[in-house]
Amino acid sequence: MKSVVEGQCGQQNALVGLANTFGTSNQRVAPSNAAASSFLPSSSLGEQMANEFLRQQASTMAPTSFSMKSMQQNLPQTSSSNNLAMKWTQEFTPRQNALASQWSNQYNGRAMDSAWRQVAPTSTMAVGPTSSQNLALTDSGMWSSEYLDTVDTSLQQSSGTAQRWADDFLNQEDNYGMENTWKDSETFEQRWEEIKQGMESERAMANEYSYQDANPFSTLADPLSQGDILMRQGDIGNAMLAYEAAVQKDPQDAGAWCKLGLAHAENEKDQLAMQAFHKCLQIDPGNKDALLALSVSQANEGMENEALHQLDKWMSSYIGSNVTQVTNQAPMYSSFLDHETFNRVEARFLDAARQQGATPDPDLQNALGVLYNLNRNFERAVDSMKLAISRNPADARLWNRLGATLANGDRTAEAISAYREALKLYPTYVRARYNLGISCMQLSSYEEAMKHFLSALELQKGGNDVSSIWSTMRSAAIRTANAPESLLRAVETRDLATVKATIG
Amino acid sequence: MSDEISSGKHKSLEKIRGVVEFRILLNGKQECVWTIDLRNSPGKVFEGKSPAGIKVNSTVTIEDERFVKLCLGELDPIQGFMSRKFKVQGDILMMQKLNTVLRGVRKSVL
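The paragraphs below set out a description of the structure included in this document. Keep in mind it's a predicted model, so treat the numbers as computed, not measured. (Residues numbered from 1 in each chain as written. Chains lettered and ligands numbered in written order. Predicted model: local features only at pLDDT ≥ 70, side-chain atom pairs only at ≥ 80, totals over all residues. Heavy atoms only, no water.)

1. Observations concerning the overall build of chain B
When helices and strands are counted, chain B shows five helices and five strands. Scanning chain B from its N terminus toward the C terminus, one meets helices and strands in the order α-α-β-β-β-β-α-α-β-α. Taking all 110 residues of chain B together, the buried fraction comes to 45%. Within chain B, contacts between residues at least 6 apart in sequence are counted, and of these 57% link residues at least 24 apart. Summed over all atoms, the accessible surface of chain B reaches about 5,200 Å², with 52% contributed by carbon and sulfur. (Helix = DSSP H or I, 4+ residues; strand = E, 2+ residues; numbered from the N terminus. Buried < 20%, exposed > 50% of the residue type's maximum accessible area, 1.4 Å probe, protein only. Contact = heavy atoms within 4.5 Å. Areas by Shrake-Rupley, 256 points an atom, 1.4 Å probe, with all protein chains shown as cover.)

Quick look at the structure:
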């Protein structure tokens, strides 16, 4: 049996071999009636089967590719043999699923690993003729549909779909489209212009910081320390205002800018946070906190290469070398992470970590965790974050980051525990509450998610309309079962009061 | 999905700068056409083909239910593309960018 499950293409059909031995062993048993009847329904039928097998084996060649269908045709058409076939397929199917998913994993390479593993079990659920058409590429689907389907689907169709797919792929207009976009030098020029303009505007934006109007703290003598007190108390909104007052008083205070940025980040306002951090770094380019926090905000906004660049600078600052010397590569405005740079930066981090030996520095582990989030290596990111937390268990920011890393790595339950820890330490942590809402959505508890988003919005101060929380809340609202019209409308119009009244 | 895009994170959407056409099928028959114009911010989403003169960068031909799943995140676009659950013509690179943006909208915040 095992040889069949491990069947390899291109070799002699293993089942053919089995059939040979089956025929012979049956003949040996035949003389003794008792043994034969225990083996098969009737010995004569068994003999018939065996003889047919041997006859067909003599006449048919072992197919070069493992074709289940021709094998099935080789099996005699009598009812008992059909039952036997059914039993066999039922036995094989569970193991075949495992094989198929294994095979498709190897076949498609590591990058697609998780995707395929998800595909394999679901595709084997699909029984019937239609499934084989839909799963042209999914070999596991081909296996299952052939195994389970004893009525329809000709082999020709299955091998035909493979051929059709190959033809389709070659003839696909995609290829033509791609060539055209690049051959057309005019559009290329245009694109380049657009990119340059984008860079300009981004640089310009980086230098700006738009202050809030009517700041009650602007008259205070020492708004900075006031801001610190407020942060500790958990009043992020007012702390932010206090810090703004502080930097308005002293625009060169890099530390104040950094704290302002952190307050914005905790308040789930990454855009403002980034502006503040840029200001800070203009004054103090080596400020590690600002570099790391800026990297985090950029990562959240999908600016992965920029985030990587900040981490590179962080590393330089960490080991004490000149940050401005970090080579600023030609900014590749692609969405994909630049792997070369990533590997280089990772090497630097691992070097530093190795030098620390048995006592890992939580700051380094924190930054390393952020780094691994960039290339979606969540296993390592979680490890790093846990190390950092073990040294600083009272840092709510670390707990939130751990939670986010877990959630992005699809470990939603653990993520929720981490968020709860963060919220235990810092109950008004807007970011953690927002993340908690997202995790609830992952678990399809949309009503719960709505409640969390509502809390987050209430905690946020200043400029609620443009908050990113609203758009996520809208997704949750759409998917909430039996959501009243008024709720949906309130979310559309960013009407916080009505939403609160509806959800409570 | 239309409003997830137009009210979503503009910053990352700006990067795409293109026009995408979605041909929605119902049981194989072309039911309707939607166009997403992301060349400027904020993006525009409207029914019907893009107006004459505006070049469409890529076209996606997809079944209605699959489209819903795609937007909700239940169908992974890359996976779907590989198993030919829908067709993409034109600038695939841009479609991948769109995919990363949509994925980013749903992920947790560090």
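2. A look at the sheet that holds strand β2 (residues 29–37) of chain B
Residues and elements named next belong to chain B. Taken in spatial order, the five strands of this open sheet run β3-β2-β1-β4-β5, and their pairing is mixed. Every interior strand has two partners, whereas the edge strands, β3 (44–47) and β5 (86–90), have only one. Neighbour to neighbour, the strand axes of the sheet diverge by 20 degrees on average, direction disregarded. Where strand β1 (residues 19–26) meets strand β4 (residues 58–63), six bridges bridge the pair, whose relative direction is parallel. When the sheet's bridge partners are listed, F22 is paired in β4 with V60. (Pairing = 2+ DSSP bridges. Axes fitted to C-alpha atoms, helices over the stretch in contact; angles between N-to-C directions.)

3. Some remarks on helix α23 (residues 412–425) of chain A
All names here are of chain A. Relative to the 20 Å expected for 14 residues at 1.5 Å per residue, α23 spans 20 Å between its end C-alpha atoms, a close match to the ideal helical length. All of the buried residues in α23 are T412, A415, I416, A418, Y419, A422 and L423. Taken down its axis, α23 places every buried residue within 165 degrees of arc, on the same side. Facing away from the buried surface of α23 by more than 90 degrees, the exposed residues are A413 and K424. Of the surrounding secondary structure, the elements contacted by the buried residues of α23 are α22 (396–408) and α24 (430–442). (Expected span 1.5 Å × (residues − 1). Arc of directions from axis to C-beta.)

4. Thoughts on the pattern of salt bridges
All names here are of chain A. Going through the model one piece at a time under the given rule, you end up with 13 salt bridges over all chains. Between K500 and E458 there is a salt bridge; the shortest N-O distance is 2.7 Å. Taken together, the residues K500 in helix α28 (residues 496–503) and E458 in helix α25 (residues 446–459) connect sequence positions 42 residues apart. Judged by relative accessible area, which is 40%, K500 ranks as partly exposed. For E458, a relative accessible area of 37% translates into the label partly exposed. By sharing partners, the salt bridges in this structure join E268, D270 and R431 into a single network. (Salt bridge = Lys/Arg side-chain N within 4 Å of Asp/Glu carboxyl O.)

5. Remarks on helix α27 (residues 485–492) of chain A
Residues and elements named next belong to chain A. Here α27 has its buried residues at L487, A490 and V491. For α27, the buried positions fall inside an angular range of 100 degrees around the axis, keeping them on one side. In α27, the exposed residues that point more than 90 degrees away from the buried face are E485 and R489. On its buried face, α27 is in contact with α25, α26 (468–479) and α28. Looking one or two residues past α27, R494 carries a phi angle of roughly 55 degrees, positive in sign.

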